[in-house]
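A closer look at the structure
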Amino acid sequence: MASGVTVNDEVIRVFNDMKVRKSSTQDEVKKRKKAVLFCLSEDRKKIIVEEGKQILVGDIGETVDDPYACFVKLLPLNDCRYGLYDATYETKESKKEDLVFIFWAPESAPLKSKMIYASSKDAIKKKFTGIKHEWQVNGLDDIQDRATLAEKLGGNVVVSLEGKPL
């Protein structure tokens, strides 16, 4: 069932910026988003970019030591969110980067919130063309261990995530 919620243009712009890897100057690369959260607007009619809930590539090594752990800390414990995470990982054969669409719906979120986020998920997913990995997460236990994300990305062939061995 669709909820009638629409996706704000800024959400689509952020997705396209994260998806397209054009050759960029060092400064442009630093401004690229590594991770971002999306939430419903106050009137629950639109999916918007959540203010201040992002990690920039340039933050890594500066204010952010471990981008994955930092991303997990951005998630609210008692409400739902959508997220995009630009995962950098290595398999036995090669280094890879893939966008992961995350639907965060913790057990402790209000039922009404879980229902509207679940019924609005298709609206945002339709705008995110070409996403290979989708992950529904229902609690910190599911997401804190980076091995779970590695499994989503490539099963047991993934040997490291964000430069950290598994």
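Please read all numbers here as calculations on a predicted model, not as lab measurements.

What follows concerns the packing of aromatic side chains. Enumeration according to the criterion identifies eight aromatic pairs in this entry. Both rings, one in Tyr68 and one in Tyr85, keep their centres 5.6 Å apart while their planes meet at 85°; by these two values the pair is edge-to-face. Here Tyr68, found in helix H3 (residues 67-74), pairs with Tyr85, found in strand S4 (residues 81-91); they are 17 residues apart in sequence, far enough to count as distant. There is no split in this pair, since Tyr68 and Tyr85 are both buried. Aromatic ring contacts, followed pair by pair, group Phe15, Phe38, Tyr82, Phe101, Phe103, Tyr117 and Phe128 into a single cluster.

Moving on, we come to the pairing of strand S2 (residues 33-40). With eight of eight residues buried, S2 is to be regarded as a mostly interior element. Turn length for the S2-strand S3 (residues 46-56) hairpin, with the two strands adjacent in sequence and antiparallel, is five residues, and the turn residue Arg44 shows positive phi of about 60°. Pairing of S2 with S4 involves four bridges; the strand directions are antiparallel. Bridging across to S4, Leu37 finds its partner in Gly83.

Calculation rules
- Residue indices begin from 1 for each chain and proceed along its sequence in written order.
- Local features in a predicted model are, by the rule used here, given only for residues with pLDDT of at least 70; side-chain atom pairs are given and counted only at 80 or more, and totals for whole chains, interfaces and linings are based on all residues.
- With hydrogens and water set aside, each side-chain value is computed from the structure's full complement of heavy atoms.
- Each Phe, Tyr or Trp ring, with Trp reduced to its six-membered ring, pairs with another whose centre is within 6.5 Å; inter-plane angles below 30 degrees give stacked pairs, above 60 give edge-to-face pairs, and intermediate values give tilted ones.
- The helix count covers DSSP runs of H or I at least four residues long, the strand count covers runs of E at least two residues long, and both are numbered beginning at the N terminus.
- Only protein chains enter the calculation, and the probe is 1.4 Å; a residue is then buried if its accessible area is under 20% of its type maximum, exposed if over 50%, and partly exposed in between.
- Only strands joined by at least two bridges in the DSSP assignment are considered to pair.

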